[in-house]
Amino acid sequence: MKKTVKNIRTAGIAVLLLAGLTAVSCSHETIFYQINQETELEEAVITGTVNSVVELNGKLYACDGNIYSKDKNALRGWSKISKPAGRIEILAADESYLYALDKRNDILYCNGTDGWTQVTTGLSITTIFSDGAGAAYLQSSDGKFYTLNGNGTPAETSDITSPFMVTAKGKTYSANGNTVTTDGEAAVDAGSEIRSITYSAATDCLYVGTKAGVKRITFADDRTMNKADDTLPGSNRSATIKSYEALAVFATTQEIAGEKKESLYVGTIAPYSYNAAVGGLWGYYETRGNWNCE
């Protein structure tokens, strides 16, 4: 009798475990069924964790350990390019140089006319970043900020307060925690911890990447920031980038047949997901009207 009861209990536990696994599997199948029902996904070129997308001389650059590039006016078209040694996790760009950070080994590289060369900084580097207006910066582990200058020694600056910042139309918008601020204006709450920020000249707004997805901040007539909202372009936004953590967000303007069109890129990561289709880099093109894998 005891043996029978034990067998029944064992069988019951097995059924519950099977049901749980089935539910998880079905949940993931449902996610990708919804995506594919609305958009036929392209084969992704960039599949790893993307922390930054930058622009230099009409080209876009992204990294996921490797470095990829494409013409900013092209729809997709990414290709892997040469990179310095190590795993490149973060990029930055100013008017003349592309910078790459091997964060694990604390080594900064610069790509100029002589190819990739190591930049001697004498600093422990936390991150590098661009302001979207032709300048690039370094943040050291002690919280100080430095302006990058090609292969030259970075110069300390007191003008920067956050690595999540962008300059547009003479104003600098900086993000700390959940909020975006600029001189003389009240902070705007993005609703979740901010991971990245960009300005879209095509639509005159800010896009903010957060732990809970991408938010949009528009401007009032007096150029003060309006409340952050969830209004994003792309007919299939709710089936693709959803509210996944947005590690990188970057907006630029494409010139197509003489017309200026918006394109927007988001590097996402979905906690607890084992399927690469919910991570990597996503792209929205105004000419296409939807989001797809990059």
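Residues numbered from 1 in each chain as written. Predicted model: local features only at pLDDT ≥ 70, side-chain atom pairs only at ≥ 80, totals over all residues. Heavy atoms only, no water.

1. Let's talk about the nonpolar core
In a soluble, globular protein the nonpolar side chains are often hidden away together inside. Counting 16 residues, the largest nonpolar core has Y173, V180, I197, L206, V208, I217 and M225 as the members making the most contacts within it. Put simply, the parts of the chain that give this core at least two residues each are strand 13 (165-168), strand 14 (171-176), strand 17 (194-200) and strand 18 (205-210). It is strand 17 that contributes the most residues to this core, 3 residues altogether. Not counting the four nearest positions on each side in its chain, I217 is found in contact with V180, V188, C205, L206, V208, M225, N226 and A228. V214, I241, W282 and W291 belong to the second largest nonpolar core, which has 14 residues in total. (Core = buried A, V, L, I, M, F, W, Y, C linked by side-chain atoms within 4.5 Å. Buried < 20%, exposed > 50% of the residue type's maximum accessible area, 1.4 Å probe, protein only. Helix = DSSP H or I, 4+ residues; strand = E, 2+ residues; numbered from the N terminus. Contact = heavy atoms within 4.5 Å.)

2. Examining the confidence of the model for the chain
Of the residues in the chain, 84% have a pLDDT of 70 or more, and the chain-wide mean is 87. Overall, residues 1-31 carries pLDDT values under 50, and its contacts beyond four positions in sequence, including any with other chains, amount to 5 contacts. (pLDDT = per-residue confidence, 0-100.)

3. A few points about the sheet that holds strand 4 (residues 79-81)
Taking strand neighbours across the sheet as the criterion, the 4 strands line up as 1-2-3-4 in an open arrangement whose pairing is antiparallel. Here the strands that pair on one side only, and so sit at the sheet edges, are strand 1 (53-56) and strand 4. The mean angle between the axes of side-by-side strands here comes to 35 degrees, regardless of whether they run parallel or antiparallel. As defined by bridge partners, strand 2 (residues 59-63) adjoins strand 3 (residues 67-71) across 5 bridges and the pair is classed as antiparallel. Bridge pairing links Y61 to S69 in strand 3. (Pairing = 2+ DSSP bridges. Axes fitted to C-alpha atoms, helices over the stretch in contact; angles between N-to-C directions.)

4. Things to note about the environment of G289
The topology assignment puts G289 in the loop between strand 22 (280-285) and strand 23 (291-293). Its relative accessible area of 24% is what places G289 among the partly exposed residues. Taking the C-alpha atoms as reference points, G289 and S263, separated by 26 residues in sequence, lie 9.7 Å from one another. If near-sequence neighbours (up to four positions away) are discounted, G289 is found in contact with G234, S235 and Y284.

5. Describing the pattern of salt bridges
In this structure the tally under the stated criterion is 11 salt bridges. We note a salt bridge from E193 to R195, for which the minimum N-O separation is 3.1 Å. A residue is classified by how much of its surface remains accessible, and E193, at 38% relative accessible area, is partly exposed. The partner of D229 in a salt bridge is R216, with the nearest N and O atoms 3.1 Å apart. Pair noted here: D229 is in the loop between strand 19 (213-217) and strand 20 (245-256) and R216 is in strand 19, with a separation of 13 residues, a long-range link. Note on D229: relative accessible area 21%, which makes it partly exposed. When its relative accessible area of 22% is taken as the criterion, R216 is described as partly exposed. A single salt-bridge network, built from bridges that share partners, covers K169, D204 and R223. (Salt bridge = Lys/Arg side-chain N within 4 Å of Asp/Glu carboxyl O.)

6. A look at the sheet that holds strand 10 (residues 136-140)
Within a beta sheet, neighbouring strands are joined by backbone hydrogen bonds and run either parallel or antiparallel to one another. Strand order across the open sheet formed by 4 strands is 9-10-11-12, with antiparallel pairing between neighbours. On the outer flanks of this sheet lie strand 9 (125-130) and strand 12 (155-157), each paired with one strand and no other. Sheet twist, expressed as the average angle between the axes of neighbouring strands with direction ignored, equals 35 degrees. One ladder, built from 3 bridges, connects strand 10 with strand 11 (residues 145-147); its direction is antiparallel. Residue pairing across strands places L138 opposite Y146, the latter belonging to strand 11.

7. So, unusual backbone geometry
In the Ramachandran plot, K169 falls in the positive-phi region, its phi being about 50 degrees despite a non-glycine side chain. You can see K169 is positioned in the loop between strand 13 and strand 14. A residue is classified by how much of its surface remains accessible, and K169, at 63% relative accessible area, is exposed. Positive phi, close to 75 degrees, is recorded for R223, a residue that is not glycine. Tracing the backbone through its elements, the reader meets R223 in the loop between strand 19 and strand 20. You can call R223 partly exposed: its relative accessible area is 23%.

8. Describing the pairing of strand 8 (residues 115-119)
Where strand 7 (residues 107-112) meets strand 8, 5 bridges bridge the pair, whose relative direction is antiparallel. Looking at strand 8, one finds that C110 is bridged to T117. Once strand 7 ends, the chain turns through 2 residues before running back antiparallel as strand 8.

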